Structures are given as C-alpha cells and as structure tokens.
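Residues per chain are reported as follows:
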Amino acid sequence: MCQKSNRFRSKYTSYRLEQKNLFWQNSLVWFNRKNEAFKILFDAAYGKNRIRDLSVIMDRKLAFFHYLLGAEKEFVVKPSRKLAVGLSQNLYVPLEKEFNYQPYQSTKENIFATKIAQPDFAYDATPKIDLKCNVSYIFDQKKIRYELFGNFSQTWLLNSTYKRQAEYNGRANHVVLAGLNVYY
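Everything numeric in this text was worked out from a predicted model, so none of it was measured.

Undergrad: Teacher, can you tell me more about helix 2 (residues 111-124) here?
TA: Since the α-helix advances by 3.6 residues per turn, residues separated by three or four positions end up pointing in the same direction. For helix 2, spanning 14 residues, the distance from its first C-alpha to its last is 19 Å, which sits close to the expected 20 Å at 1.5 Å a residue. Its maximal kink placed at alanine 117, helix 2 deviates by approximately 30°, while the proline proline 119 follows within four residues. Among all positions in helix 2, only Ala113, Ala117, Pro119, Phe121 and Ala122 are buried. On the buried face of helix 2, the contacting elements are strand 3 (58-78), strand 4 (81-101) and helix 3 (161-165).

What follows is the structure in structure tokens.
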C-alpha cells in the first residue's frame, strides 16, 4: 500500500526545456533643464534553447540573436505631467535550427506535432524585423505615478520558412497594446 501511494505522489514529466540565454539591456538618458528625458535604447540577446518532448518523441533546438535599437523623448505638458513618444526597431535572426520528430507507435501523424509544434517551430526559425511606436502619458498624484501607454508594432517575416509550414498571407502582423502602469 505504501508503494502505491508513493507512485501517486511522484510526478511524471515527459517535457524538458533547456534554456541558455544571455541578455544585455542598455539605455542612455539625458535630461534637459525642464526635466525632459531623451533616451537611446540598445538591447541585445543570444539564446540557445532545446525542447525535448517524450510523449510525441520530439527534439527541437533553436539558437537565435535578437537586438532592439530605439529612442524615446519626453515632453513636459504641465508640472508633474509628461508625454513620452518613442520609436524602436527589432531584428530577430535564428542562428541554429533543428526539428526532429518521430511518430510514436503509430503510422499516423500526431495532430499536436503537425498542427502546433511544426508551425510554431517554423515561426521561431524565421527571421523577423519589426518597427514599434509607443506613446505614454505620465502623471504623478499623491506620491503615486500613473502611466497610460499605447504601443503599435508591425512585424515582417524576412523569408518563407513559416509560409511553407502554415497558412500565412505574407502581410505584416500588427499588434496594438494599451494599458495603465501604476508605480507606488
């Protein structure tokens, strides 16, 4: 009986993710006499990821380089109220890519592998470039800072790796984000 209860306590995991990522995030900021900031952003990342899934016998390896280059300027609207406008550009380049999949005890393809894992890997293995615009309205009230923000970005795939794996119309992806940050 004790053996049976131990078996139920242990967890079986068929999925393993190994990540080796190195990130460098840097920004230079200058302030003028009105306390308006001007920022130059430069971020870079290198990653090497491996996913092994024993439930569908899949081994996925991907190494990549990514950078962001941007600028942002603040404008004082009133005392304790600022408007910030920014523009940035990202580039994502896969360096190594390998996807191995073996159907497990079946002559039929696994729907998870063919409809999700392979198209997902094809997207991650495709180089991408994007352009982002952001606007923020920042104001302080009773020792609390509020930031209303909005972002708009467009992402372009730089080759047809993903198009061969999934239904893709070839147009840029558009993403719009809006929100409120509260700092206290």
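Undergrad: Please clarify how the nonpolar core should be interpreted in this entry.
TA: Generally speaking, nonpolar side chains in soluble globular proteins are found buried as a group. If you look at the biggest cluster of nonpolar residues, it comprises 10 residues: Met58, Leu62, Phe64, Tyr92, Phe99, Tyr101, Ala113, Ala117, Phe121 and Ala125. Looking at this core, the elements with two or more residues in it are strand 3, strand 4 and helix 2. With residues near it in sequence (within four places) discarded, methionine 58 still touches Ile51, Arg52, Asp53, Phe99, Asn100, Tyr101, Phe112 and Ala117.

Undergrad: Sorry if this is basic, but what is going on with the packing of aromatic side chains here?
TA: Any two aromatic rings considered together are summarised by their centre-to-centre distance and by the angle between their planes. Within the structure shown, the criterion is met by seven aromatic pairs. With a centroid separation of 5.3 Å and an interplanar angle of 25°, the aromatic rings of phenylalanine 139 and tyrosine 146 are classed as stacked. Here the aromatic residues Tyr137, Phe139 and Tyr146 are joined through ring pairs into a cluster of three or more. For the cation-ring pair, lysine 73 lies above phenylalanine 75, with the distance from its terminal atom to the ring centre recorded as 5.3 Å. The ring centre of tyrosine 123 lies 4.3 Å from the NZ or CZ of lysine 128, which sits over that ring.

Undergrad: Any chance you could explain the pairing of strand 4 here in plain terms?
TA: A regular strand places its side chains so that they alternate between the two faces of the sheet. For strand 3 and strand 4, the ladder comprises 20 bridges, and the chain directions are antiparallel. Pairing of lysine 78 across the sheet is with arginine 81, part of strand 4. Linkage of strand 3 to strand 4, two consecutive antiparallel strands, is achieved through a turn of two residues, within which serine 80 is found at a positive phi near 65°. The sheet contact formed by strand 4 and strand 5 (residues 128-141) spans 12 bridges and is antiparallel. Bridging from a neighbouring strand, leucine 91 pairs with isoleucine 129 of strand 5.

Undergrad: Where do I start with the pairing of strand 2 (residues 37-53) in this structure?
TA: Sheet analysis places strand 1 (residues 15-31) next to strand 2, joined by 17 bridges and oriented antiparallel. Each residue of the ladder has a partner; that of tryptophan 30, found in strand 2, is phenylalanine 38. Counted between consecutive antiparallel strands, the loop separating strand 1 from strand 2 contains five residues, among which asparagine 35 sits at a positive phi close to 65°. Two elements, strand 2 and strand 3, share 16 bridges in a ladder whose sense is antiparallel. Bridging from a neighbouring strand, alanine 44 pairs with tyrosine 67 of strand 3.

What counts, and at which threshold
- Every chain begins its residue count from 1, and numbering advances along the sequence as written.
- Owing to the predicted nature of the model, reporting of local features is limited to residues with pLDDT of at least 70; listing and counting of side-chain atom pairs is limited to 80 or more, with chain, interface and lining totals taken over all residues.
- The basis for every side-chain value is the complete set of non-hydrogen atoms in the structure, without hydrogens or water.
- For the purposes of this entry, the term helix denotes a DSSP run of H or I that reaches at least four residues, the term strand denotes a run of E that reaches at least two, and both are numbered from the N terminus.
- To estimate how far a helix should extend, the number of its residues minus one is multiplied by 1.5 Å.
- Throughout, bend refers to the angle between the axes fitted to the seven residues that end at a position and the seven residues that start at it.
- Any residue under 20% of the maximum accessible area for its type is buried, any over 50% is exposed, and the rest in between are partly exposed; the area is computed with a 1.4 Å probe on protein chains only.
- Note on contacts: a residue pair is in contact if any heavy atoms of the two residues lie within 4.5 Å.
- Working definition of a nonpolar core: buried Ala, Val, Leu, Ile, Met, Phe, Trp, Tyr and Cys residues. They are joined through side-chain atoms within 4.5 Å.
- Side-chain rings of Phe, Tyr and Trp, where Trp is taken by its six-membered ring, are said to pair if the distance between their centres is within 6.5 Å; with planes under 30 degrees apart they count as stacked, over 60 as edge-to-face, and otherwise as tilted.
- Cation placement over rings: the criterion is NZ of Lys or CZ of Arg within 6 Å of the ring centroid and within 35° of the ring normal.
- What makes two strands pair is DSSP finding at least two bridges between them.

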